[in-house]
Amino acid sequence: LQQMELLLVNKLKWNLAAMTPHDFIEHFLTKMPLAEDTKQIIRKHAQTFVALLLLKQSFQSFFFFLSLFFLHTDIKFISNPPSMIAAGSVVAAVQGLHLGNTNTFLSYQCLTHFLSQVIKCDPDCLRACQEQIESLLESSLRQAQQHNVSSETKTVEDEADLSCTPTDVRDVNI
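Residues numbered from 1 in each chain as written. Predicted model: local features only at pLDDT ≥ 70, side-chain atom pairs only at ≥ 80, totals over all residues. Heavy atoms only, no water.

The name recorded for the protein chain in an unreviewed UniProt entry is G1/S-specific cyclin-D1, from Antrostomus carolinensis.

*Asks:* I keep staring at the side chain of Arg127 and nothing clicks. Help me out?
*Replies:* Inspection of the secondary structure puts Arg127 in helix α7 (residues 123-161). Since its relative accessible area comes to 18%, Arg127 is described here as buried. A distance of 3.1 Å separates a polar atom in the side chain of Arg127 from a polar atom in the side chain of Gln109. Of the polar contacts made by the side chain of Arg127, one reaches the side chain of Asp124; its length is 2.7 Å. Sequence-distant contacts of Arg127, defined by excluding residues within four places in its chain, comprise Tyr108, Gln109 and Thr112. (Helix = DSSP H or I, 4+ residues; strand = E, 2+ residues; numbered from the N terminus. Buried < 20%, exposed > 50% of the residue type's maximum accessible area, 1.4 Å probe, protein only. Polar contact = N/O pair within 3.5 Å; in protein donor to acceptor, adjacent residues only side chain to side chain. Contact = heavy atoms within 4.5 Å.)

*Asks:* What's the story with the packing of helix α2 (residues 21-31) against helix α5 (residues 82-97) in this structure? I'm lost.
*Replies:* Each packed pair of helices is defined by two parameters, the angle between the axes and the distance between the axes. For the pair α2 and α5, the least separation of the axes is 8 Å and the interaxial angle reads 55°. Relative to α5, the element α2 lies oblique. Of the two elements, α2 crosses α5, and the hand of that crossing is right-handed. Where α2 approaches α5, its residues Pro21, Phe24, Ile25 and Phe28 are matched on the opposing element by Pro82, Ser83, Ile85, Ala86, Ala87 and Val90. Counted by class, the contact of α2 with α5 contains nine nonpolar, one polar and no charged residues. (Axes fitted to C-alpha atoms, helices over the stretch in contact; angles between N-to-C directions. Parallel < 35°, antiparallel > 145°, perpendicular 65-115°, else oblique. Left-handed = near helix turned anticlockwise from the far one by under 90°. Nonpolar A, V, L, I, M, F, W, Y, C, P; charged D, E, K, R; others polar.)

*Asks:* Could you clarify how one ought to interpret the packing of α2 against helix α6 (residues 108-118) in this entry?
*Replies:* In the contact formed by α2 and α6, the axes pass within 11 Å of each other and the chain directions differ by 120°. When the axes of α2 and α6 are compared, the pair comes out oblique. Our pair here, α2 against α6, has a crossing hand that is right-handed. Across from His27, Phe28 and Lys31 in α2, the residues of α6 making contact are Phe114, Leu115 and Val118.

*Asks:* Just to check I follow, could you spell out unusual backbone geometry for this structure?
*Replies:* Excluding glycine, residues mostly have negative phi values, and the peptide bonds linking residues are mostly trans. At Lys13, a residue that is not glycine, the phi angle is positive and equals roughly 55°. By secondary structure assignment, the location of Lys13 is in the loop between α1 (2-12) and α2. The class for Lys13 is exposed, based on a relative accessible area of 74%. Residues other than glycine seldom take positive phi values, yet Lys120 does so here, at roughly 55°. Mapping Lys120 onto the fold places it in the loop between α6 and α7. The class for Lys120 is exposed, based on a relative accessible area of 72%.

*Asks:* Help me understand the packing of aromatic side chains, please; the structure alone is not making it clear to me.
*Replies:* For any pair of aromatic rings, geometry is given as the distance between the ring centres together with the angle between the planes. With the rule as written, the count across this model stands at two aromatic pairs. Look at Phe105 and Phe114: their rings are 5.1 Å apart centre to centre, the planes differ by 65°, and that puts the pair in the edge-to-face class. One exposure class covers both Phe105 and Phe114, and it is buried. (Phe/Tyr/Trp six-rings, centres within 6.5 Å; stacked < 30°, edge-to-face > 60°.)

Below, the structure is given as structure tokens:
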């Protein structure tokens, strides 16, 4: 079975050793002088952001050719390396949790500067990535809220259509 799996992976030319943003999150957290419970909270939120981005990228790549047809593509994150996405997710997590208020290392300027030095990029590029991540999260939350409201409306309409009799006696013709 393992030989068949390896054959399939080789034929498809998949790189199973590719680095992902999740790999970088752990690397960044080990370099940060923080308590373990704080790191755990940041890890959880940053991984959630990364999962959201990767899910969006999966849909983008699947519908890439369809979107080319309509001349509308959203490839904001495809051009960013995994380290940039991870660093932006960590900054977004810290900002969303308001941890910068209690720890000077986690202040927006200090953390952005630190992570941009670790990944060797311009701090402005990291800020732009972080803002894109926050924008995506905001739009996803808005869509989820709209979906919940529409499903609640459907449920109320469905309940109104239910018969008051246990076996729908009104529908039986004798």
